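Structural description and commentary
Each chain is listed here by its residues.
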Amino acid sequence: MLPVLKVGSRRKALALMAAAPVALFGAKQPKIRDVRVIATAPAGLRLSIVQIRTDQDGLHGYGCATFTQRADLVNLAVERYLRPLLMDKPVGPVEDIWHACYNSSYWRNDAVMNNALSGVDQALWDIQGRLAGMPVYQLLGGKVREAAECYAHAGGDEIEQVVESAKVLQRQGFRHIRVQVGVPNQAAYSSGGGRTYGGGRAPAALGRSKTGALHDGPMFEPAAYIRRTLRMLEKVREALGDDVELLHDVHERILPTQALQFAKDVERFRLFFLEDVVSAEDIGWYRHIRKQTTTPLAMGELFNNPNEWQGLVQERLIDYLRIHMSQAGGLTPCRKIAALTESFGVKTAWHGPGDVSPIGHAANLALDLACPNFGIRELVPFNEQVQEVFPGAPVSKDGYLWANEKPGWGIEVDEKAAAKYPFGHSETGERQRLNGGWGTVHRRDGSVIKQ
Ligand code: MG
């Protein structure tokens, strides 16, 4: 409310206010002047980075909006729907802007809009850090640990390859290793040398006579995978001993009753956690699985609706929540999720493979450093091209990920370098034909499986 002034002074004050920078909820703040997407694929996977520019010289921020399988849609959502909503708004009320964006589409919690919103949200947090001259973890309360303990990916089509791959990672200083093995004649998930998402698939089915498949495409049968994985875990534990923590990702590919038995069968290998043993659609099964096994359970990389994680956390049915930060809508919701999980003794293990950009990893890391209930960080090393595009990306050393201590995320995007790696530049075959999307994998009888 304006103070009581004489008519002339009041008119003058109103004119001054109109010319001043926007003051919403208190302080005067820089305003948003542009919201755009930088699309780049330096490691092959399509990354979407939102840049917010302000009316303050040189002040901008970056956020990760990566939904690599539907990247063009996210980019459109940012530029055609969120940009008009955000133009000329002050950068300060991050929480308020999050709710404005979240509610503006009416239909909420879908993957495209949540990822678009994450890009905006993380860019605004980056700007807050730059304005304050502090890393974002400091804005969240400061460090409770020096660096984030990581797990790395070991894999191979053969069990011996998995063992060798895990030994290499152990020598590099990793104390936590995820192990995945191929299944002969099947499209097993992420088995090849630590590669992810389709790159490590075993050869496609050899044909009906050998496999009994009623199709010629990639095939997966849960029972064969389970038998093979149990043998692999036995060999890896034998070869590496007890001083290493082992993790395994089922990737939702087995039936719920198989999941229950499998979680019991792997108890003897003392896993750090067993991930996605059932699908997001089958989370009700955790009540049954939890009662019958001591294997630590991790879940959640596909979640984008609070109803999916609230029950699991409140009933203490899982040990690690694996949410993909951009899929849940950014840092703003995830810091609340971290607080919720802390209250119930559940730990965080934010999803962190190659389709999270270094900006997204920095946002994950800010929570890892500031939250007491941090569990573990997933790490896929940044290759040279990724580091070229994202100077300042977090650094991995001795099994830990270390934050850049500069303000905000401490990362810039080299747009000249980013332009050298446009979407699709290294894609071939089906991935290219599907515009970066995934193809299908079928059971022997031709029915499609969850991936
Ligand atoms: Mg996973």
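Everything below is about the structure shown above.
Residues numbered from 1 in each chain as written. Predicted model: local features only at pLDDT ≥ 70, side-chain atom pairs only at ≥ 80, totals over all residues.

Quick look at the environment of Pro84
How we decide: Starting at the N terminus, helices and strands are each numbered in turn, a helix being any DSSP run of H or I of at least four residues and a strand any DSSP run of E of at least two. The burial label depends on the number of other C-beta atoms within 10 Å of a residue's C-beta. Counts of 20 or more mean buried, 12 or fewer mean exposed, and intermediate counts mean partly exposed, with C-beta atoms placed from the backbone.
Note that Pro84 resides in helix H2 (residues 71-86). Classification of Pro84 by C-beta neighbours within 10 Å gives exposed; the count is 10.

Some remarks on the packing of helix H6 (residues 159-171) against helix H8 (residues 222-240)
Heads up, the condition is: Structural elements are reduced to axes, namely lines fitted to C-alpha atoms, with helices fitted over the stretch in contact, and the angle between N-to-C directions of any two is expressed from 0 to 180 degrees. Throughout, the term roughly parallel applies to angles under 35 degrees, roughly antiparallel to angles over 145, roughly perpendicular to angles from 65 to 115, and oblique to all others. Should the near helix be turned counterclockwise from the far one by less than a right angle, the crossing is left-handed, whereas a clockwise turn marks it as right-handed. Placing a C-beta atom from the backbone of each residue, one calls two residues in contact when those atoms lie within 7 Å. Gly is placed with the polar residues, together with every amino acid not listed as nonpolar (Ala, Val, Leu, Ile, Met, Phe, Trp, Tyr, Cys and Pro) or charged (Asp, Glu, Lys and Arg).
With their axes 10 Å apart at the nearest point, H6 and H8 run at an angle of 40° to one another. Between H6 and H8, the interaxial angle falls into the category oblique. In the packing of H6 onto H8, the handedness of the crossing is right-handed. Contact residues: Ile159, Val162, Val163, Ala166, Lys167 and Gln170 in H6; Arg231, Met232, Lys235, Val236, Ala239 and Leu240 in H8. Across the contact of H6 with H8, the residue classes tally to eight nonpolar, one polar and three charged.

Points about the nonpolar core
Under the convention used in this document: By convention in this section, buried Ala, Val, Leu, Ile, Met, Phe, Trp, Tyr and Cys residues joined through C-beta atoms within 7 Å make up a nonpolar core.
Judged by nonpolar contacts, the single largest core of 127 residues is most densely connected at Val50, Ala116, Val120, Ile177 and Ile318. At nine residues, helix H4 (residues 111-132) tops the list of elements feeding residues into this core. Among all residues touching Val50, those that are not within four sequence positions of it are Val35, Val37, Tyr62, Gly63, Ala65, Val78, Gly119, Val120 and Ala123.

Topic: the pairing of strand S6 (residues 245-249)
Heads up, the condition is: Any two strands with at least two DSSP-identified bridges between them are counted as paired. When the strands point away from the viewer, a crossover counts as right-handed if the route from the first strand across the helix to the second turns clockwise.
By the criterion of burial, S6 is predominantly enclosed, with four of the five residues buried. As judged from the three bridges shared by strand S5 (residues 176-181) and S6, these two strands associate in the parallel manner. Across the sheet, residue His176 finds its bridge partner in S6, namely Glu245. Bridging between S6 and strand S7 (residues 273-275) involves three bridges; their strand directions are parallel. For Asp249, the partnering residue across the bridge sits in S7 and is Glu275. Since S6 and S7 lie parallel, the crossover through helix H9 (residues 256-265) that links them has a hand, and here it is right-handed.

A closer look at the sheet that holds strand S1 (residues 32-40)
Spatial ordering of the open sheet is given by S1-S2-S3, a layout of three strands whose pairing is antiparallel. Pairing within the sheet leaves two strands with one partner each, and these edge strands are S1 and strand S3 (60-64). Averaged over all pairs of adjacent strands, the angle between strand axes in this sheet comes to 20°, irrespective of strand direction. Here strand S2 (residues 47-54) pairs with S3 via five bridges, running antiparallel. For Ile49, the partnering residue across the bridge sits in S3 and is Cys64. Taken strand by strand, H4 contacts S1, S2 and S3, and its axis lies near 140° from that of S3. Where helix H14 (residues 358-370) meets the sheet, its contacts fall on S2 and S3, and the angle it forms with S3 comes to roughly 90°.

Points about the pairing of S1
Relative to S2, S1 runs antiparallel, the two sharing eight bridges. Its bridge partner being in S2, Val35 is matched across the sheet by Ile52. As consecutive antiparallel partners, S1 and S2 are separated by six residues, and within that stretch Gly44 has a phi angle of approximately 100°, a positive value.

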